[in-house]
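Structural characterization, general
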Amino acid sequence: MIYIAEEPEDAWLDEDFPLGDGTADTGATVFCPYCGEPVDIALDPGSGPRQEYVEDCQVCCRPWQVHVTYLSDGSAEVTVEASDDGWDD
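Read on for an overview of the structure. Everything numeric in this text was worked out from a predicted model, so none of it was measured.

**Some points on the overall build of the chain**
- Of regular secondary structure, the chain possesses 1 helix and 5 strands.
- Each helix and strand of the chain, ordered N terminal to C terminal, gives the series α-β-β-β-β-β.
- Evaluated residue by residue, the chain yields a buried proportion of 24% over its 89 residues.
- Of the contacts made within the chain by residues no fewer than 6 positions apart, 35% connect residues no fewer than 24 positions apart.
- Summed over its atoms, the accessible surface of the chain is roughly 6600 Å², and 49% of this surface lies on carbon and sulfur atoms.

**Some details on the environment of Thr-23**
- Within the secondary structure, Thr-23 is located in the loop between α1 (12-16) and β1 (27-31).
- For the pair Thr-23 and Pro-45, spaced 22 residues apart in sequence, the C-alpha to C-alpha distance is 9.6 Å.
- Those residues in contact with Thr-23 that sit more than four places away from it in its chain are Asp-73 and Gly-74.

**Notes on the sheet that holds strand β3 (residues 50-56)**
- Strand order in the open sheet made by the 3 strands is β3-β4-β5, with antiparallel pairing throughout. The open sheet has two free edges, formed respectively by β3 and β5 (76-82), since each of these has just one partner strand. Shown here is a sheet whose adjacent strand axes are inclined to one another by a mean of 20 degrees, direction ignored.
- Sheet topology places β3 next to strand β4 (residues 63-70); 7 bridges connect them, and they run antiparallel. Paired with Glu-52 across the strands is His-67, a residue of β4.

**Describing the pairing of β4**
- Burial within β4 is extensive, with 6 of its 8 residues counted as buried.
- Between β3 and β4, which pair antiparallel in sequence order, lie 6 residues; one of them, Cys-61, sits at a positive phi of approximately 70 degrees.
- The pairing of β4 with β5 spans 7 bridges and is classified as antiparallel. Paired with Thr-69 across the two strands is Glu-77, which belongs to β5.
- In this structure, the hairpin formed by β4 and β5 is closed by a connection of 5 residues, where Gly-74 is found at a positive phi of approximately 95 degrees.

The rules behind the values
- Residues numbered from 1 in each chain as written.
- Predicted model: local features only at pLDDT ≥ 70, side-chain atom pairs only at ≥ 80, totals over all residues.
- Heavy atoms only, no water.
- Helix = DSSP H or I, 4+ residues; strand = E, 2+ residues; numbered from the N terminus.
- Buried < 20%, exposed > 50% of the residue type's maximum accessible area, 1.4 Å probe, protein only.
- Contact = heavy atoms within 4.5 Å.
- Areas by Shrake-Rupley, 256 points an atom, 1.4 Å probe, with all protein chains shown as cover.
- Pairing = 2+ DSSP bridges.
- Axes fitted to C-alpha atoms, helices over the stretch in contact; angles between N-to-C directions.

This is how it looks when you write it as structure tokens:
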């Protein structure tokens, strides 16, 4: 009898995220582009290798554009920039 294993439905994840030590960054410290304060933010590696979203500063409440890129080793490159939509000074 020959047994042929079916490929799991999520096998594509191994192509997008090659197996490493099994860890990926789930947090980062960034500096607010408005007030300059350091802020710890949570990251979601399950949302894909490249992410872009808006998050508000926990100190001054102004919005940032957050850019996250996961590298093949699971480390994340995170940048934030001012998101001036809707703000009048």
